[in-house]
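Geometric and topological summary
Given next are the chains, with one letter for each unit.
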Amino acid sequence: MFEHSVKVPRHYKIAANILKKVSTEGGSVKTLLYDDKLRHFRTNVLFALITETIKHSDVITKIFESCDILQNETRLDPWLAKILTAELLYGKKVLPGKSKPEQTISSYKENFEKYLSEHQDDSQIQDVPKPRYVRINTNLLTTSDAIRAFQDEGYHFVRCTSGSYEDYLKQIQNLSEDDFTQDYHVKTIFVFPPGTKLHDHELYFESKIILQNKATAMAVHLLAPPSGSIVLDMCAAPGMKTTQTAAYMRNNGKIYAIERNEKRFETLRDFVNKTGSHCVEPIHRDCLEIKKGEFDDVEYILLDPSCSGSGMDISVHNYIEESRLAKLTSLQEKFLKHAMNAFPRAKRIVYSTCSLFPEENERVITNVVKTSRTKWRVQDVKELLKGQWKNFGSAMYGSMGTRCMYARQDSDLTTGFFLAVLDRDPKDLEKSLKNQEQNDEVVEEEVCEKDKESKADYEQDRDVNELDTQVDSVQKRKKKKERSDETHSTIIDSEGNNLIVDTMSEDNALRVSESETSKKEKKKKKLKDTEYDSIEITTENNIDINEKHNKMLNKNKVDDTAKCENTEKDKLIVDADLEEPVKKKKKKKDKRDETEEYNVENGNAKRQSKKRSNNNDFNEIAEKTENIESDQVPKKKKKNKN
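Residues numbered from 1 in each chain as written. Predicted model: local features only at pLDDT ≥ 70, side-chain atom pairs only at ≥ 80, totals over all residues. Heavy atoms only, no water.

Counting secondary structure elements, the chain contains 25 helices and 13 strands. Counting the 642 residues in the chain, one finds 40% classified as buried. A separation of at least 24 residues holds for 72% of the contacts in the chain among residues at least 6 apart in sequence. As displayed, the chain offers around 38,300 Å² of accessible surface, 48% of which is attributable to carbon and sulfur atoms. (Helix = DSSP H or I, 4+ residues; strand = E, 2+ residues; numbered from the N terminus. Buried < 20%, exposed > 50% of the residue type's maximum accessible area, 1.4 Å probe, protein only. Contact = heavy atoms within 4.5 Å. Areas by Shrake-Rupley, 256 points an atom, 1.4 Å probe, with all protein chains shown as cover.)

Next comes the structure, spelled out in structure tokens:
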């Protein structure tokens, strides 16, 4: 009996989901593992399980058809069934779990083995062992230092042959367990024997070595951007070719790495930082949305669009639905057209896919190049590699097809890959650059006009501000004059406010009067009408001042007489009180009378002195005003008479 409560181990479920995506949607197993962020799992184990399943996918399908397992077990997921069957027949040879799917597959083990024994010829897969390719990240480690590091670990460095490409293929097939050599084309690629495990190597964790297949490295080798160039990687994640380009350019120049998918962009950004690729600028964006004017400085373009992935080490895509293939080719053509037309300074494009279907490769190239507005020429890769390659495009697509190249698993000992190099026609490039220069000049003229307008506006604003400051200063002066006039009036109008009088000194009053007279004299020279008005106003003010001064003196006199009368009344009252007959206290009263008389006399003397001081102060004020009037008024009258 099956135990329904027991769950299937999670790594089997994850492997089944990735297998389904690779088979139905396309793509790379490695990128899907990165996207799912399964770092807490042993991704190398998952990768081995998935690749082993896909490698024997055809045989497993025939086994299922022979025993009708999928028809009998309708609730069994076919993708999970393939993963478990691969583990049972080609992996651990046993399924230790007690979940229902595991026990179901285990119950069919005899049927599976019977089919394999009866069809040994069909089950034998010709699998050519492929070497382990390692790229040295020259941003962090030189090739000579890398050679010494591996030699210190016991590896033996074998110099790459100077013969033909065929000689090189024989050399890497005959590498012993401890040997390694440099690649024939890409000198930063080291080649180790098949099965060499470097996932746990210290240099790998330090991102000084990158586990990258030679086929993908050929794209950057053929792009060949010089140091200081401007490069655009239109579909950059996970960043293998991006970081290789940065190392090729010696981290000098600029690389725009575009990625639309958010998770893949995070992977790209992290990988760029780890590898020390400082000239790379990761950009989270759809490259098809880039318009003219945004990246006009781009000179070299890498384009590796989404594809069926039929060229990967796992041959799952021996067939593909026509509808899906049509969607892929349509998208690939859009990418290539955009790369050709949207960047006026672009001089070389390398188009690559990990597919072996010509519909995604030669047909895309020929369709786009023939219909492109700009003139591009497909370069002969055989010439670029000096004849040292084996596989090229199909002649079904004319000369354009034969100028492309393929990398194949069985003959080139790499993953399946397609590459095409497109160079822009020199005349068309020159024309595009002239148009770009004209556009730049127009833009510069517009900018200059805007700058002139902004300068004119600035000067106007500055003039307005200066006028405002002048007006403010004039208003402040007027306010100061009004305040000074008010202070003079308060000195004269105040009745007995000695504090205000004391604060105004004679010197300040004279200075104020002199400044006022000088200003008035300047104004009088220009405007005679205003002079007459000012004279009338000043004379009226002087008359008012004299009248007010006389009133103040009369008031003070009246107050003094009233105070004297009050003191006489007080004396009479005191005398009446002293005349009362009190015998016992006669002596005390006499003394009191004497003291009171003394105090009264002193009080009168003090009051009289205060009156005199007040009269003296008012006399001084009157004299000052008379002096001011005598300085101002006569001069005005003389000028008027003249």
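If you walk through the whole model with that rule in mind, you get 18 aromatic pairs. Summarising the aromatic geometry, the rings of Y351 and F418 are spaced 6.4 Å apart at their centres and angled 75° between planes, so their arrangement reads as edge-to-face. Of this pair, Y351 sits in strand β10 (residues 348–353) while F418 is found in strand β13 (residues 417–424), placing the two residues 67 residues apart along the sequence. Residue class for Y351 comes out buried when judged on its relative accessible area of 0%. In this structure F418 comes out as buried when scored by relative accessible area, which is 0%. Members of the aromatic cluster, connected to one another through ring pairs, are F150, Y155, F157, F180, F190 and F192. Across from the ring centre of Y406, 4.6 Å away, lies the NZ or CZ of R408, which sits over that ring. (Phe/Tyr/Trp six-rings, centres within 6.5 Å; stacked < 30°, edge-to-face > 60°. Lys NZ or Arg CZ within 6 Å of the ring centre and 35° of its normal.)

Here the focus is the UniProt feature "binding site: S-adenosyl-L-methionine" (unreviewed entry) in the chain. In this numbering, the UniProt entry assigns the feature "binding site: S-adenosyl-L-methionine" (unreviewed entry) to E259, D286 and D304. In three dimensions, the annotated residues from a span of 46 residues occupy one location, with a maximal C-alpha spread of 13.8 Å. Inspection of the secondary structure assignment puts E259 in strand β7 (residues 254–259). Relative accessible area serves as the criterion here: at 8%, E259 is assigned to the buried category. Those residues in contact with E259 that sit more than four places away from it in its chain are C235, A236, A237, R264, F265, L268, I283, H284 and R285. As for its placement among the helices and strands, D304 is situated in the loop between β9 (300–303) and α16 (322–341). Its relative accessible area of 17% is what places D304 among the buried residues. The residues contacting D304, other than those within four sequence positions of it, are C235, K241, S352, T353 and F417. (UniProt positions renumbered as here; feature names shortened; annotations may be inferred.)

The N-to-C vectors of helix α13 (residues 214–223) and helix α14 (residues 240–248) enclose an angle of 45°; their axes lie 10 Å apart at closest approach. With respect to each other, α13 and α14 are oriented oblique. Where α13 crosses over α14, the handedness of that crossing is right-handed. Here α13 contributes T216, A217, A219 and V220 to the contact with α14, which in turn contributes K241, Q244, T245 and Y248. (Axes fitted to C-alpha atoms, helices over the stretch in contact; angles between N-to-C directions. Parallel < 35°, antiparallel > 145°, perpendicular 65-115°, else oblique. Left-handed = near helix turned anticlockwise from the far one by under 90°.)

Now for the pairing of β13. Burial within β13 is extensive, with 8 of its 8 residues counted as buried. Across 6 bridges, β10 lies against β13 in antiparallel orientation. Bridge pairing in β13 places R348 opposite D423. Across 3 bridges, the pairing between strand β11 (residues 376–378) and β13 is antiparallel. Across the sheet, R377 pairs through a bridge with D423, a residue of β13. Inspection of the sheet shows strand β12 (residues 405–407) paired to β13 by 3 bridges, in the antiparallel sense. Residue pairing across strands places M405 opposite L419, the latter belonging to β13. (Pairing = 2+ DSSP bridges.)

Next up on the list: the state of the cysteines. Applying the stated criterion across every chain yields a total of 0 disulfides. Distance from the sulfur of C235, which forms no disulfide, to the nearest cysteine sulfur (C287) is 4.6 Å. You can call C235 buried: its relative accessible area is 18%. (Disulfide = S-S within 2.5 Å.)

Turning next to the environment of V59. Tracing the backbone through its elements, the reader meets V59 in helix α4 (residues 57–67). Sequence-wise, V59 and L116 are 57 residues apart; in three dimensions their C-alpha atoms are separated by 8.7 Å.

The subject of this paragraph is the pairing of β9. Both faces of β9 are covered, namely the face carrying Y300 and L302 and the face carrying I301 and L303. As defined by bridge partners, strand β6 (residues 230–233) adjoins β9 across 3 bridges and the pair is classed as parallel. Residue D233 lies in a different strand from β9, and its bridge partner there is L302. With 4 bridges connecting them, β9 and β10 associate as parallel partners. Residue pairing across strands places L302 opposite V350, the latter belonging to β10.

On to helix α3 (residues 43–55), then. Taking 1.5 Å of rise per residue, the 13 residues of α3 would be expected to cover 18 Å, and the 18 Å separating its terminal C-alpha atoms lies within 8% of that figure. When α3 is considered as a whole, its buried residues turn out to be L46, L49, I50, T51, T53 and I54. (Expected span 1.5 Å × (residues − 1).)

Here we take up the environment of S277. Here S277 lies in the loop between α15 (262–274) and β8 (280–284). Other than its neighbours up to four places away in sequence, S277 contacts N139, T243, A246, N251 and V272. Engagement of the side chain of S277 in a polar contact is seen with the side chain of N139, the distance being 3.4 Å. (Polar contact = N/O pair within 3.5 Å; in protein donor to acceptor, adjacent residues only side chain to side chain.)

Once that is clear, we can look at the sheet that holds strand β3 (residues 179–182). Taken in spatial order, the 5 strands make up an open sheet running β2-β3-β4-β1-β5, and their pairing is mixed. Each edge of the open sheet is held by one strand with a lone partner, namely β2 (156–158) and β5 (209–210). Where β3 lies against strand β4 (residues 189–192), 2 bridges are found, and the strand directions are antiparallel. By the bridge assignment for β4, Q182 is matched with F190. Most of the contacts of helix α10 (residues 143–152) go to β4, to which it runs at about 20°, and overall it touches β1 (132–136), β2, β3, β4 and β5.

Right, let's get into unusual backbone geometry. The peptide bond linking A237 to P238 adopts the cis configuration, its omega dihedral lying at 5°. Along the polypeptide, P238 turns up in the loop between β6 and α14. One non-glycine residue with positive phi stands out, namely S207, at about 60°. Residue placement: S207 occurs in the loop between α12 (202–205) and β5. Unlike most non-glycine residues, N251 shows phi in positive territory, near 60°. Relative to the assigned elements, N251 resides in the loop between α14 and β7. The class for N251 is partly exposed, based on a relative accessible area of 23%.

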